[in-house]
Amino acid sequence: MPLHDGRAIDVKDAAVLDSILKPPSSPLPAALAGALPSHRLTHLQRLEAESIHILREVVAETQNPVMMYSIGKDSAVMLHLAMKAFYPAKPPFPLLHVDTTWKFREMIAFRDQRAADLGLDLLVHTNPEGLARGIGPFTHGSAVHTQVMKTEALKQALDRYGFDAAFGGARRDEEKSRAKERIFSFRTDQHRWDPKNQRPELWQLYNARKNKGESIRVFPLSNWTELDIWEYIYVENIPIVPLYFAADRPVVERDGALIMVDDDRMPLKPGEVPQQRRVRFRTLGCYPLTGAIDSDADSLPAIIREMLLARTSERQGRVIDRDGGASMEQKKQEGYF
Amino acid sequence: MAPDTLPSTGEAGVSEIERYLAAQQSKSLLRFITCGSVDDGKSTLIGRLLYDSKMLFEDQLSALEADSRKVGTQGGDLDFALLVDGLSAEREQGITIDVAYRFFNTDQRKFIVADTPGHEQYTRNMVTGASTADLAIILIDARKGVLPQTRRHSFLVSLLGIRKIVLAVNKMDLMGYDQAVFERVVAEYRAFARQLDLTDIQAIPLSALKGDNVTTLTGAMPWYQGPTLIGHLETVAVTDLRANDPFRLPVQWVNRPNLDFRGYAGTIAAGTVRPGDRIRVLPSGQESRVARIVTHDGDLDVAAAGQSVTLTLTDEIDISRGDIISALDGAAEVADQMEATLVWMSEAPLLPGRPYILKVGAKSVPATVATLKHKINVNTLEQLATKTLSLNEVGLATLSLDQPVAFDVYRHNRDTGGFILIDRLTNETVAAGLIRSAIVRTVPWQILDVDKRARSQMKGQRPRVLWFTGLSGAGKSTIANLVEKKLHAHGRHTMLLDGDNVRQGLNRNLGFTDADRVENVRRVAEVSKLMVDAGLIVLVSFISPYRAERRMARELLGPGEFLEVFVDTPLSVAEGRDVKGLYAKARAGKLPNFTGIDSPYEPPESPDVRIDTQAMTAEQAANHIFTLLSRFDEDADLVDGAAI
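A quick note: this is a predicted structure, and the numbers were derived from the prediction, not measured.

A few words now on the overall build of chain B. On a plain count of helices and strands, chain B comes out with 18 helices and 27 strands. Looking at chain B residue by residue over its 644 residues, the buried ones come to 55%. Across chain B, the fraction of contacts at a sequence separation of at least 24, relative to all contacts at a separation of at least 6, is 72%. Entry remark: accessible area of chain B is about 26,900 Å², with carbon and sulfur atoms responsible for 50%.

Counted by the stated rule, this structure contains 23 aromatic pairs over all chains. Summarising the aromatic geometry, the rings of Phe184(A) and Tyr206(A) are spaced 4.8 Å apart at their centres and angled 10° between planes, so their arrangement reads as stacked. Residue Phe184(A) is located in strand β5 (residues 184–187), and its partner Tyr206(A) is located in the loop between β5 and β6 (215–218); the two are separated by 22 residues in the primary sequence. Ring centres of Trp467(B) and Phe562(B) lie 5.6 Å apart, and the angle between their planes is 35°; this geometry places the pair in the tilted category. One end of the pair, Trp467(B), is in strand β23 (residues 464–469); the other, Phe562(B), is in strand β26 (residues 562–568), with 95 residues separating them in the sequence. Each member of the pair, Trp467(B) together with Phe562(B), is buried. An aromatic cluster is built from Trp102(A), Phe104(A), Phe138(A), Phe281(A) and Tyr287(A), whose rings are joined through pairwise contacts. The ring of Phe186(A) carries the charged tip of Arg199(A) above its face, separated from the ring centre by 3.9 Å. Above the ring of Trp102(A), the side-chain terminus of Arg265(A) is found at 3.8 Å from the ring centroid.

What follows concerns the UniProt feature "binding site: ATP" (unreviewed entry) in chain B. Residue and element names in this part refer to chain B. UniProt marks Gly470, Leu471, Ser472, Gly473, Ala474, Gly475, Lys476 and Ser477 with the feature "binding site: ATP" (unreviewed entry), using the numbering shown here. Ignoring anything within four residues of it in the chain, the contact list for Ser472 reads Ile543, Ala574, Leu582, Tyr583 and Phe594. Structurally, Gly475 is set in the loop between β23 and α12 (476–489). Apart from the residues within four sequence positions on either side, Gly475 is in contact with Val567 and Arg577.

In a beta sheet, neighbouring strands are held together by backbone hydrogen bonds and run either parallel or antiparallel to one another. Taken in spatial order, the 7 strands make up an open sheet running β7-β15-β11-β12-β14-β9-β8 (chain B), and their pairing is antiparallel. For this open sheet the edge positions go to β7 (248–250) and β8 (253–258) of chain B, each flanked by a neighbour on one side alone. Looking at each pair of strands side by side, their axes are set apart by 40° on average, direction ignored. In terms of strand pairing, strand β9 (residues 261–267) of chain B meets strand β14 (residues 308–313) of chain B through 4 bridges, oriented antiparallel. When the sheet's bridge partners are listed, Ala265(B) is paired in β14(B) with Thr310(B). Helix α2 (residues 43–61) of chain A contacts β8, β9 and β14 of chain B of the sheet and is inclined by roughly 65° relative to β14(B).

It is worth spelling out the side chain of Glu272(A) at this point. In this structure, Glu272(A) sits in the loop between β8 (257–260) and β9 (275–280). The residues contacting Glu272(A), other than those within four sequence positions of it, are Val252(A), Glu253(A), Arg254(A) and Pro267(A).

As a further point, take helix α6 (residues 123–130) of chain B. In terms of residue burial, α6(B) counts as a mostly covered element, since 8 of its 8 residues are buried. Within α6(B), burial applies to Thr123(B), Arg124(B), Asn125(B), Met126(B), Val127(B), Thr128(B), Gly129(B) and Ala130(B).

Before going further, it helps to spend a moment on helix α2 (residues 42–52) of chain B. Extensive coverage of α2(B) is indicated by the burial of 10 of its 11 residues. For α2(B), the set of buried residues is Lys42(B), Ser43(B), Thr44(B), Leu45(B), Ile46(B), Gly47(B), Arg48(B), Leu49(B), Leu50(B) and Asp52(B).

As a further point, take the confidence of the model for chain B. Low-pLDDT portions of the prediction should not be read for the details of their coordinates. Residues and elements named next belong to chain B. With 87% of its residues at a pLDDT of 70 or more, chain B has an overall mean of 84. This model gives residues 442–447 a pLDDT under 50, and the stretch forms 15 contacts once residues within four places in sequence are excluded. Predicted confidence is poor over residues 636–644, with pLDDT under 50, and the contacts of this stretch with residues over four places away or in other chains come to 14 contacts.

Once that is clear, we can look at the environment of Leu147(B). Mapped onto the secondary structure, Leu147(B) falls in the loop between β4 (135–141) and α7 (148–159). Spatially, the C-alpha atom of Leu147(B) lies 8.6 Å from that of Ser37(B), the residues being 110 residues apart in sequence.

The biggest cluster of nonpolar side chains holds 78 residues, and the ones touching the most others in it are Phe32(B), Ile33(B), Ile137(B), Val157(B), Leu167(B), Tyr189(B) and Leu229(B). No other element matches helix α8 (residues 179–195) of chain B, which puts 7 residues into this core. Looking at which domains feed residues into this core, each of domain 1 (23–235) and domain 3 (336–438) of chain B gives three or more. With near-sequence residues (within four places) excluded, Phe32(B) lies in contact with Leu49(B), Phe104(B), Phe111(B), Ile112(B), Val113(B), Ala114(B), Ala133(B), Leu135(B), Ile137(B) and Leu233(B). In terms of nonpolar packing, the next biggest core, distinct from the first, is built from 76 residues, Leu81(A), Leu227(A), Met307(A) and Trp253(B) among them.

Residues and elements named next belong to chain B. The residue Asp578 is located in the loop between α16 (571–577) and α17 (582–587) in this model. For Asp578 and Gly473, which are 105 residues apart along the polypeptide, the C-alpha to C-alpha distance reads 6.2 Å. Among the polar contacts made by the side chain of Asp578, one reaches the main-chain amide nitrogen of Tyr583 at a distance of 3.0 Å.

In this section: the pairing of strand β3 (residues 122–125) of chain A. Residues and elements named next belong to chain A. Side chains Leu123 and His125 project from β3 onto a buried face, and the interleaved Leu122 and Val124 project onto a face without burial. Sheet topology places strand β2 (residues 95–98) next to β3; 4 bridges connect them, and they run parallel. Paired with His97 across the strands is Val124, a residue of β3. Handedness of the crossover joining β2 and β3 through helix α4 (residues 105–118): right-handed.

Once that is clear, we can look at the sheet that holds strand β4 (residues 165–167) of chain A. Residue and element names in this part refer to chain A. If you trace the 6 strands from one edge of the open sheet to the other, you get β3-β2-β1-β4-β6-β5, paired in mixed fashion. Because the sheet does not close on itself, it has two edges, and the strands there are β3 and β5. Going from strand to strand, the sheet's axes swing by 30° on average, the running direction of each strand aside. Here 3 bridges tie strand β1 (residues 65–68) to β4, and the two strands are oriented parallel to one another. Within β4, the position partnered with Met67 by the bridge is Phe167. Contacts from α4 reach β2 and β3 within the one sheet, and its direction differs from that of β3 by about 150°.

Quick look at the pattern of salt bridges now. One pass over the full model with this rule turns up 51 salt bridges over all chains. For Glu287(B), the salt bridge is made with Arg280(B), and the minimal N-O distance between the two is 3.1 Å. Residue Glu287(B) is classed as partly exposed on the basis of its relative accessible area of 38%. The shortest N-O distance in the salt bridge between Arg354(B) and Asp423(B) comes to 3.3 Å. Of this pair, Arg354(B) sits in the loop between β16 (333–344) and β17 (355–360) while Asp423(B) sits in the loop between β21 (418–422) and β22 (429–438), and the two are 69 residues apart along the sequence. Bridged by salt links that share partners, the residues Glu48(A), Lys84(A), Glu236(A) and Asp297(B) form one connected network.

What counts, and where the lines are drawn
Residues numbered from 1 in each chain as written. Chains lettered and ligands numbered in written order. Predicted model: local features only at pLDDT ≥ 70, side-chain atom pairs only at ≥ 80, totals over all residues. Heavy atoms only, no water. Helix = DSSP H or I, 4+ residues; strand = E, 2+ residues; numbered from the N terminus. Buried < 20%, exposed > 50% of the residue type's maximum accessible area, 1.4 Å probe, protein only. Contact = heavy atoms within 4.5 Å. Areas by Shrake-Rupley, 256 points an atom, 1.4 Å probe, with all protein chains shown as cover. Phe/Tyr/Trp six-rings, centres within 6.5 Å; stacked < 30°, edge-to-face > 60°. Lys NZ or Arg CZ within 6 Å of the ring centre and 35° of its normal. UniProt positions renumbered as here; feature names shortened; annotations may be inferred. Pairing = 2+ DSSP bridges. Axes fitted to C-alpha atoms, helices over the stretch in contact; angles between N-to-C directions. pLDDT = per-residue confidence, 0-100. Core = buried A, V, L, I, M, F, W, Y, C linked by side-chain atoms within 4.5 Å. Domains from an automatic or database assignment. Polar contact = N/O pair within 3.5 Å; in protein donor to acceptor, adjacent residues only side chain to side chain. Right-handed = clockwise from strand over helix to strand, strands pointing away. Salt bridge = Lys/Arg side-chain N within 4 Å of Asp/Glu carboxyl O.

Pasting the structure below:
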């Protein structure tokens with residue numbers, strides 16, 4: 001039986017789905033907001049409480065925190081948790097988006113709408129030198145583009161506003177070196193990460209004391225998995241960028257990746273004609289660097305169903321991870337989030 | 001379900017997913033750590049758990065296959081350890097050097113695994129991983145049995161308060177899946193674990209490499225009838241017992257969006273809370289009631305341990321970050337000195353007397369290590385005298401804090417009883433601490449800002465009771481008067497309670513029956529205690545004939561605060577003096593129940609001071625008592641350093 005992404009489903013996959021979908025032996029839960037009758041918290045309640053604890057701890061212990069807002073699903077969850085952590089107050093920090101100018105147009109529209117709806121202070125920073133030099137993924141390649149328009153731009157923004165703590169939505173299940181990064185991750189005044197010199201994190205006690213010039217990257221979603229993120233978005237009804245849902249979009253196929261033609265800056269190769277295909281994105285970044293997948297999943301349950309069957313991890317769509325085994329660890333040491 | 005009935009993305013498939021998602025919401029979370037020696041196959045086991053629970057994606061698998069061929073240790077077969085050993089430096093060394101967290105899900109549960117290294121020098125990482133774990137897997141190589149490392153891991157697991165143990169006897173394939181080998185290892189381990197109070201042990205024979213008994217029982221060990229490793233992890237009870245304890249909310253952040261709202265945000269560390277509950281704020285001791293449990297999703301009727309909430313109270317009281325909002329019954333401890341186990345985590349050794357920052361709950365306060373009682377050899381559990389602690393050493397210490405803080409002992413609550421020490425210059429986390437007990441127990445039932453200590457410090461003296469006992473006419477009041485004059489002349493603040501005087505006022509309604517004598521002494525003892533709280537030196541001159549009542553008075557007061565002075569005058573001498581003519585009246589039958597005549601006097605068996613009035617004058621006796629008092633205070637100073 002053909003599946004929506006064109007791959008044939010084999011018996012093993014079906015068995016997996018069968019085991020996933022079989023009715024639970026435990027009774028159905030109370031609403032997520034309230035405690036279960038036995039006061040046993042569910043996995044999402046425990047994750048939510050831990051993240052809120054981290055958000056509050058940073059606000060209490062640092063002078064000038066900021067939340068990195070990348071517009072993706074993880075940022076959506078992190079922002080939602082911040083709204084909860086400080087309610088009825090607004091989160092006492094601004095959002096910062098590092099705009100490479102190559103994000104999907106729908107992402108930018110969603111970003112501005114979200115900030116307006118929630119009444120939050122949104123800072124947008126673009127590397128002015130990079131902009132002046134016309135740095136872009138098509139002309140300079142993904143490595144230079146990422147270095148100048150993301151890593152350098154991020155450092156500029158943190159320095160410019162004097163932020164001493166920045167929340168990021170990274171999860172430990174995304175990548176091997178992240179699995180060993182602390183929730184409070186210290187950076188030198190040069191924004192470098194030293195994986196050999198991390199502070200132990202015991203119980204729920206975080207040591208947020210910084211040396212002069214140091215800043216902290218804080219990852220409140222460290223212990224969430226991709227599945228947890230989707231389940232939480234579903235349960236809490238959190239708005240996400242429509243690009244996550246399947247729709248007919250113009251794409252070209254390059255090096256096995258489906259690249260969406262989001263604007264006319266995309267140079268087409270001779271004979272290359274964008275095709276309308278029903279696609280969606282599992283992860284969002286700069287449009288020329290983000291591959292779409294064929295999909296019919298146009299609702300959250302459909303996305304989650306697809307995820308449960310997927311045998312390809314989400315970062316595969318990202319071109320920057322493929323430059324050798326230790327790629328992410330190197331980028332992080334250089335100051336990448 | 002056969003492949004041809006697999007739900008499509010149409011209506012039916014989606015509703016099935018919705019049912020699945022509803023079920024996911026009752027899924028629980030189990031956090032565990034894996035502990036083993038370098039070669040026990042820990043990373044392999046975790047890689048196997050990820051692989052067998054289908055948590056690996058195609059691209060990760062193909063990367064694993066490529067890596068296994070390139071740097072694998074399994075001759076080209078899948079080397080699961082490569083999945084887990086994340087940092088490039090350790091991939092080259094072939095060992096795990098830090099704590100790594102891994103995630104996998106089954107139908108029943110979500111799991112967070114802390115992979116902690118087995119190297120001796122990395123005790124700190126294991127303690128870090130264990131601090132958040134509900135369960136520990138102790139991995140043993142079936143070929144080697146219980147090793148010193150096994151003992152160390154088990155000691156640390158027990159120290160950190162993990163009670164549930166899985167004893168995973170690995171590499172059974174290399175021992176021919178022999179039941180006798182398994183049973184020998186398990187018996188050896190159980191015998192050792194009993195010393196550590198670890199009794200909830202599930203032993204499972206495994207081969208992580210081959211996959212035996214990880215997710216499925218294999219035919220290789222038909223003699224084993226227990227659960228698989230996954231089967232056990234999925235079903236072991238992880239009820240959060242803290243929900244049954246008295247309520248604790250360490251205040252993380254005071255939420256003041258406008259003048260009309262003041263909320264106290266934090267993660268509930270124990271118990272449950274409902275609007276209307278009476279609470280006490282510690283360390284201040286102020287009382288109030290819970291008004292609302294505020295969340296973004298609306299107010300709650302009840303919240304329990306583990307939830308992050310915001311409370312409002314019915315009264316406007318002063319609460320700051322670091323305070324604990326506590327149940328009225330069973331409130332948290334408050335003290336500025338404590339005994340704690342320290343695990344040292346820094347290259348720079350512990351320096352007793354140096355101020356560190358102590359962070360417990362949301363409270364940070366300067367603290368010094370006052371004394372180090374001993375360190376513990378983590379392999380043999382032997383206690384050794386020491387002057388310092390070095391990296392990865394564990395010891396028992398007393399700490400002295402700049403101000404009283406609220407906490408619980410670690411045994412009762414990890415989140416309010418565990419602390420870290422931070423170096424004030426490098427800002428490094430240098431130690432993990434587990435509170436064993438409060439040393440100076442500051443009574444938490446009243447506002448503590450001005451307490452006995454503060455009052456007595458202002459007077460520059462050590463408050464106590466000098467309890468003069470003896471027969472009527474023995475000379476108690478005469479001597480007590482002289483002692484009070486001396487103390488007064490030396491600038492001490494005193495009060496003399498004399499039996500005859502008190503009987504004219506406070507105890508006017510009491511006679512001389514046994515019951516009234518007991519009540520007489522009880523009242524005087526309580527009054528003395530209040531006066532000691534006021535910082536006074538109290539001289540009590542009472543016949544107080546019964547040992548039991550004098551003991552009651554002693555027990556009302558703190559250690560060293562009650563000094564029993566036996567004014568020892570034989571009955572014949574006292575009766576011979578008969579200053580007030582009372583003995584004559586008693587002998588004439590006009591004073592019933594007179595001590596020494598028709599009511600007994602029980603002389604003290606071991607008084608703090610004995611005055612033989614036949615051997616010294618009243619003046620000499622008073623000098624003697626005054627000298628002894630000064631000496632007692634000096635001795636006490638040596639003990640706790642407080643000024644008289």
